[in-house]
Amino acid sequence: MSETKPTNSSISSGRRQLLIGSGVLGAAAAVNPGMAFAHWGRGRGKGRWGRDHSQENVEPVEWTVEQLRTALDRLRDDTFFAMIAFGVPGDDPYSEYQGVSTPYPGGITTRADLYLSGGTDLLVPMPTEYMHQLLASVATYLAIQPMDIPGMAAEDVGENGEYLLENLNSSFTDYLEGEASNSVLVALLINLAATRVAGSIDGPFPSPFANLSWEQKAKVFEELESESSWLKRAITWNIPDRDYREATPGVLSSMVAFMLRIAGFGSYCEFAVFNPETREVAQRPLGWVLSQYAPDAPPSGIGSDDFIGYYQGRRSV
Amino acid sequence: MRDVIIIGAGGGGPVVAKELAERGLDVLVLEAGARHANPEQEWSALENHMNSSLTGKLRFGPADPAKPAWFRELVTPGSFSQVAGVGGTTLHYYGNSPRAMPGVFAGYRGQDRGMYDNRHKFPFSYDEMRRYYEWTEATLPVQTAAMGTKEQAFFQAAEAAGLSPITGKDISHAGFRPQENAILQPGGNAGRTSDPSQLNYPDARGCTLCGHCFQGCMLPKGAPRNLKARRSTDNSYMPMALTADLWKSGGKAITLISDAYVTRILSDRQWGRRLQKATGVEWRDVNTGEVHSEDARVVVMAGGCIENPRLWMNSDLPDPNGWVGRGLTDHALDWVTGIFDHDVGGARGTSCSSRADFPGYGAIQNTANTPGVQANNLTNSDSGIRGAYTSGVGGQGAWDGDAGRVYGTELKEMMSDINRQMSILVLTDDDVEYRNKVDVSRVFRDDHGPVARVDIDKRRRSRRTRRNRDYLATRAAEILRAAGAKKIVRNDWAPVLLHLQSSMRMGDSARNSVLDENCEARAVQGLFIADNSALPNSLGGPNPTLSTQALATRTAEKIFQQYFGGDPWVDRESPICSIDDVVTQAVIDRGL
């Protein structure tokens, strides 16, 4: 773990680590590189936040909440693609990058990511104030127990960089005041855990989690499922409201368990090809193809010829 | 003023409703969820459409799919698998209707009497319960299940593993058997063809072996509602309750109001042994938000193990011994799966038609699974991801490798042919423990008040519960091995809150029970409970619905005797079956 370096920034070091480690800054930069740190870029070969002199003359522009929302939604999508590839790998880029893939389609092709995203949003009716306190607690924790992300969170980013980081922080706060979604919150926490587990994460995807190997992803969930989870501790320890604080481990566990299970259910159910008008599948779901289920569908069967008889001829006891 | 108001139309409420309607009482049933009046026009056989706990037809939530499901807070890892609506969780149950282990009743003298949760027994004998079982089994009706590919494979494997068949309804020794199911067995073309044109009623009667029990039973197509194959209460007791005036002389049809969420039990303080007296209920129309109330001589809670404690606490009813919501049992469910190099019918036939019982330990049962549900089951665990981490639990045994979640390429490989899987559900005889509880959340509330909060920590279950669960998982693996499984995986599930019992338990001691020996609240006169929460224990492992329905029948008799001066009937009359021609005609005449 690195020590916190002094900074003149109005943003606490914990908040900086939260914004960077959870992928918020990267996602925002990915949506509109011109809005990123004028002298910072990203990409393979120069470190995740390596300097990019080609953008030095870009004028700083303020992030709006809507722009940030777009960025965070994309980060969420990226994270959830990676989650589905983790559970049910296929022949997609996320599976290939994690080092565990199959020569035929997996969960991403079934769009289980959409199922996961929609489900996570509905899973827990999080009060806005609760979400605020939860993220604030993480930031406070990170200020005291910073993550090992070399030269990132506390580095002098210059006036321009400070301005942009403050603007991003302000927009993020405004975003949380509005209709912040559970799925984005979960994506941020998973990415934060990914950063915590793997340190500086280089790769082609905006989501730090998406840039992990399959084994590293498993380590992230080992951390998230642990009774002594760092993230549970970070989220919980400084929530001022006692009731929120006590509820948090259970809420987090529910969300993590849901993520892990729904990667399976979403990949193998009919979700992606359901026609609500007919209450039937428009075509045979990929999950049914993968599992060799109901080879004659559609339509769904209403009976089978599996009747053999009665055990020892017993019709009643 | 009504004679009786029943809160909840799940597995137990409709039983009391039908029995008292048959006696001519004025009964109002309030159900928070939907009334699925036209399943053939509303349902499908599809997993997400029907089973999604968040958006599915069979969820714990309002009828309007645009509205979110009703949330419950979980303190420890787990997931809910309950359903709101007329039929309740029986809407997606498998119809398994075994009797309880005799060893969990008062007065049991068997040689294995030391094997049970002896501090929390039924306050009456198994002999007394047997007549209510017989009445309920005849009413539903319960029938011996037919055999398909997976049942044949399971029976052969059980024999090879050294088990002998159980040939009676009473469980007297360890062994295997066809399920006693609340399912009409195949008749006509049913079970003999997959051609949909030959599967309409009456050409097909009873179970068509479609493999979609979990998605709700609406088959055979065209059958009157009371002749649908599976005897969930929306197909059995509720049609009888709604037509009691037509098939029973002196009977009186109940009033059913769905989308009616009861938010408060009304009561008055009184002097005497019981601190208060129930006087009625207050409910909220889920669609309009309007609040209504009605008075009644007797109130029956049947909202389930989670909602009953919530309603009790939100109604500020007394809890003098601190047992309201306590002692929750869940059968500590677990999942063991074998992979075969040949077809064992893993996704075919009725969802569950074979089982093995182990008195003192619990039971196991073979299940058929649709692909999404099976993937969901294989990815549930409290022991991490197989091959990656164990979360400090894991555990090796008769299965292959560490217990844990199947993930990544292993999941894909195991799911590559669903009919080559044989999955076994473990039903543990788990202990009543004070620390496992339901109360109300301090953070989350909805339109009906603070939501329920559930705390059942799998890792801190009693030593006997954990021993029993491991024993059953081992026996399941042995059976799968005897069947020729090439690979066997134990999941070590995190709690799946499906078989819930005993959170408002009856008992023989005022120190550790909410209900007396008649299922009347010790602290509130005229308030009875008639669902799984009233059970005094986890029944020794067997599936709870039949026992709840038998107990609810007994409770209906007690209500009729104590509050309406009537006579008991179970010993004196013969039950009318829910598929009797007089009931069918009544159902047709009333347009149900």
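**Re the overall build of chain A**
Phase 1: Counting its regular elements, chain A contains 12 helices and two strands.
Phase 2: Counting from the amino terminus, helix and strand elements in chain A follow one another as α-α-α-α-α-α-α-α-α-α-α-β-β-α.
Phase 3: Surface accessibility of chain A: about 12,300 Å² in total, with carbon and sulfur atoms responsible for 49%.

**Overview of the overall build of chain B**
Phase 1: The helix and strand tally for chain B stands at 13 helices and 23 strands.
Phase 2: Projected onto its principal axes, the C-alpha coordinates of chain B cover approximately 65 × 55 × 50 Å.
Phase 3: Among the 592 residues that make up chain B, the fraction classed as buried is 70%.
Phase 4: Taking the intrachain contacts of chain B between residues at least 6 apart in sequence as the baseline, contacts between residues at least 24 apart amount to 71%.
Phase 5: Counting only carbon and sulfur atoms, one obtains 45% of the accessible surface of chain B, whose full area is about 17,700 Å².
Phase 6: Between the mean site of the 68 positive side-chain charges and the mean site of the 69 negative ones, chain B shows a separation of 4 Å.

**Details of the packing of helix H5 (residues 112-123) of chain A against helix H8 (residues 182-198) of chain A**
Residues and elements named next belong to chain A.
Phase 1: Close contact between H5 and H8 brings their axes to 7 Å; oriented N to C, the two are set at 105 degrees. Classified by the interaxial angle, the pair formed by H5 and H8 is roughly perpendicular. Across the interface between the two elements, Ser117, Thr120 and Asp121 of H5 pack against Asn182, Ser183 and Val186 of H8.
Phase 2: By residue class, the composition of the contact of H5 with H8 is one nonpolar, four polar and one charged.

**With respect to the nonpolar core**
Phase 1: Core analysis: the largest hydrophobic core is formed by 96 residues, its most contacted members being A:Tyr130, A:Phe172 and A:Phe221.
Phase 2: A:Phe172 has contacts with A:Arg15, A:Leu19, A:Val24, A:Leu68, A:Leu72, A:Leu135 and A:Leu188, leaving out every residue within four places of it along the chain.

**Section: the sheet that holds strand E19 (residues 449-455) of chain B**
Phase 1: With mixed pairing, three strands are arranged side by side in an open sheet as E3-E19-E18 (chain B). Strands at the two margins of the open sheet, each flanked by one partner only, are strand E3 (73-74) and strand E18 (437-446) of chain B.
Phase 2: As defined by bridge partners, E3(B) adjoins E19(B) across two bridges and the pair is classed as parallel. Considered in E19(B), the bridge of B:Leu74 is made with B:Val454.
Phase 3: Lying over the sheet, helix H11 (residues 242-268) of chain A contacts E3 and E18 of chain B, oriented at roughly 105 degrees with respect to E18(B).

**What to know about the interface of chain A and chain B**
Phase 1: Each partner contributes residues to the interface: chain A has 74 residues there, and chain B has 83 residues.
Phase 2: Buried surface at the junction of chain A and chain B, both sides included, amounts to about 6,400 Å², of which 60% is carbon and sulfur.
Phase 3: Considering only the surface of chain A that becomes buried against chain B, A:Arg279, A:Ile302 and A:Tyr311 emerge as the three largest contributors, covering 13% of it.
Phase 4: Run the count over chain A and chain B and you get six salt bridges.
Phase 5: Where the side of chain A that touches chain B is concerned, the elements lending two or more residues are helix H3 (65-87), H5, helix H9 (214-225), H11, strand E2 (280-281) and helix H12 (286-291) of chain A.
Phase 6: Counting residues per element, the side of chain A that touches chain B draws most heavily on H11(A), which supplies 18 residues.
Phase 7: Classifying every residue of the side of chain A that touches chain B gives 40 nonpolar, 20 polar and 14 charged.

**Examining the sheet that holds strand E15 (residues 354-358) of chain B**
Residue and element names in this part refer to chain B.
Phase 1: Taken together, the six strands give an open sheet; going across it, the order is E6-E15-E16-E17-E14-E20, and neighbouring strands pair in antiparallel fashion. Each end of this open sheet is capped by a strand with a single partner; those strands are strand E6 (175-178) and strand E20 (487-490). Averaged over all pairs of adjacent strands, the angle between strand axes in this sheet comes to 20 degrees, irrespective of strand direction.

**Re the pairing of strand E11 (residues 260-269) of chain B**
Within a regular strand, the side chains alternate between the two sheet faces.
All names here are of chain B.
Phase 1: Sheet topology places E11 next to strand E12 (residues 276-285); nine bridges connect them, and they run antiparallel. Bridge pairing in E12 places Ile265 opposite Val281.
Phase 2: Connecting the antiparallel pair E11 and E12 is a turn made up of six residues, with Gly272 showing a positive phi of about 125 degrees.

**Examining H5(A)**
Phase 1: Under the 1.5 Å per step criterion, the end-to-end length of H5(A) is 16 Å for 12 residues, consistent within 8% with the ideal 16 Å.
Phase 2: Among the residues making up H5(A), those that are buried are A:Ala112, A:Asp113, A:Tyr115, A:Leu116, A:Ser117, A:Gly119, A:Thr120 and A:Leu123.
Phase 3: Buried residues in H5(A) make contact with H3, H8 and H11 of chain A together with helix H3 (47-51) of chain B.

**Some details on the pattern of salt bridges**
Phase 1: Tallying each qualifying case throughout the model produces 62 salt bridges over all chains.
Phase 2: Note that B:Arg405 and A:Glu225 form a salt bridge whose closest N and O atoms lie 2.9 Å from each other. Separated into two different chains, B:Arg405 in the loop between helix H9 (371-378) and helix H10 (409-414) and A:Glu225 in helix H9 make up a pair that spans both. The two residues B:Arg405 and A:Glu225 agree in class, both being buried.
Phase 3: Its salt-bridge partner being B:Arg355, residue B:Asp357 comes within 3.1 Å of it at the nearest N-O pair.
Phase 4: Judged by relative accessible area, which is 0%, B:Asp357 ranks as buried.
Phase 5: In this structure B:Arg355 comes out as buried when scored by relative accessible area, which is 0%.
Phase 6: Put simply, A:Glu227, B:Asp334, B:Asp382, B:Asp457, B:Lys458, B:Arg459, B:Arg460, B:Arg469, B:Asp470, B:Arg490 and B:Asp492 are held in one network by salt bridges that share partners.

**Topic: the packing of aromatic side chains**
Phase 1: Taken as a whole and judged by the stated rule, the model has 36 aromatic pairs over all chains.
Phase 2: Relative to A:Tyr244, the ring of A:Tyr130 has its centre 4.6 Å away and its plane inclined at 10 degrees; by these criteria the two rings are stacked. Within this pair, whereas A:Tyr130 is found in helix H6 (residues 128-144), its partner A:Tyr244 is found in helix H11, the two being separated by 114 residues in sequence.
Phase 3: Judged by its relative accessible area of 12%, A:Tyr244 falls in the buried class.
Phase 4: Following the ring pairs from residue to residue traces out a cluster consisting of A:Phe86, A:Phe209, A:Trp214, A:Phe221 and B:Tyr407.

**Topic: helix H13 (residues 581-589) of chain B**
All names here are of chain B.
Phase 1: Buried residues of H13: Val583, Thr584, Ala586 and Val587, and no others. In a view along the axis of H13, the buried residues occupy a sector of 160 degrees, so they form one face of it. Facing away from the buried side of H13 by more than 90 degrees, the exposed set consists of Asp581 and Asp589.
Phase 2: Between the side-chain oxygen of the N-cap and the backbone nitrogen of Val582 there are 2.9 Å, and the N-cap of H13 in question is Asp580.
Phase 3: Gly591 sits one or two residues past H13 and shows a positive phi near 70 degrees.

**Some details on unusual backbone geometry**
Phase 1: Here the bond from A:Ala297 into A:Pro298 is cis, since omega is -10 degrees, no more than 30 degrees from zero.
Phase 2: Mapping A:Pro298 onto the fold places it in the segment after H12.
Phase 3: The backbone of B:His331 sits at a positive phi, close to 65 degrees, despite the residue not being glycine.
Phase 4: You can see B:His331 is positioned in the loop between helix H8 (307-314) and strand E14 (334-339).

**A look at empty space enclosed by the protein**
Residue and element names in this part refer to chain A.
Phase 1: This structure, assessed with the given rule, holds 10 cavities of 30 Å³ or more.
Phase 2: Space inside the largest cavity adds up to approximately 60 Å³.
Phase 3: Every residue along the wall of the largest cavity is listed here: Val186, Leu189, Ile190, Phe221, Leu224, Leu252, Met255, Val256 and Met259.
Phase 4: If one sorts the elements of the lining of the largest cavity by residue count, H11 sits on top with four residues.
Phase 5: Looking at the lining of the largest cavity, its residues break down into nine nonpolar, no polar and no charged.

**Regarding the environment of A:Tyr141**
All names here are of chain A.
Phase 1: Tracing the sequence through the fold places Tyr141 in helix H6.
Phase 2: Residues Tyr141 and Ser291, spaced 150 residues apart in sequence, show a C-alpha to C-alpha distance of 45 Å.
Phase 3: Those residues in contact with Tyr141 that sit more than four places away from it in its chain are Trp230, Arg233, Ala234 and Trp237.

**Some thoughts on the layout of surface pockets**
Phase 1: Space inside the second largest pocket adds up to approximately 1,000 Å³.
Phase 2: For the lining of the second largest pocket, the residue count by class is 20 nonpolar, 16 polar and nine charged.

**With respect to the confidence of the model for chain A**
Residues and elements named next belong to chain A.
Phase 1: This prediction gives chain A a mean pLDDT of 83; 83% of its residues lie at or above 70.
Phase 2: Mean pLDDT values over the elements of chain A span from 79, in helix H7 (residues 158-177), up to 97, in helix H4 (residues 93-98).
Phase 3: Note that pLDDT drops below 50 for residues 1-7; the model gives that stretch 14 contacts with residues more than four away or on any other chain.
Phase 4: Scored below 50 in pLDDT, residues 38-57 makes 53 contacts in the model with residues more than four places away or belonging to other chains.

Rules of the game
- Residues numbered from 1 in each chain as written.
- Chains lettered and ligands numbered in written order.
- Predicted model: local features only at pLDDT ≥ 70, side-chain atom pairs only at ≥ 80, totals over all residues.
- Heavy atoms only, no water.
- Helix = DSSP H or I, 4+ residues; strand = E, 2+ residues; numbered from the N terminus.
- Areas by Shrake-Rupley, 256 points an atom, 1.4 Å probe, with all protein chains shown as cover.
- Buried < 20%, exposed > 50% of the residue type's maximum accessible area, 1.4 Å probe, protein only.
- Contact = heavy atoms within 4.5 Å.
- Lys, Arg positive; Asp, Glu negative; His and termini not counted.
- Charge placed at Lys NZ, Arg CZ, Asp CG, Glu CD.
- Axes fitted to C-alpha atoms, helices over the stretch in contact; angles between N-to-C directions.
- Parallel < 35°, antiparallel > 145°, perpendicular 65-115°, else oblique.
- Nonpolar A, V, L, I, M, F, W, Y, C, P; charged D, E, K, R; others polar.
- Core = buried A, V, L, I, M, F, W, Y, C linked by side-chain atoms within 4.5 Å.
- Pairing = 2+ DSSP bridges.
- Buried area = accessible area lost by both parts, 1.4 Å probe.
- Salt bridge = Lys/Arg side-chain N within 4 Å of Asp/Glu carboxyl O.
- Expected span 1.5 Å × (residues − 1).
- Phe/Tyr/Trp six-rings, centres within 6.5 Å; stacked < 30°, edge-to-face > 60°.
- Arc of directions from axis to C-beta.
- Polar contact = N/O pair within 3.5 Å; in protein donor to acceptor, adjacent residues only side chain to side chain.
- 1 Å grid on protein atoms, 1.4 Å probe; cavity = no way out; pocket = protein on both sides within 12 Å on 5 of 7 lines; lining within 4 Å.
- Points joined across faces, edges and corners; volume = space filled by probe spheres on them.
- pLDDT = per-residue confidence, 0-100.

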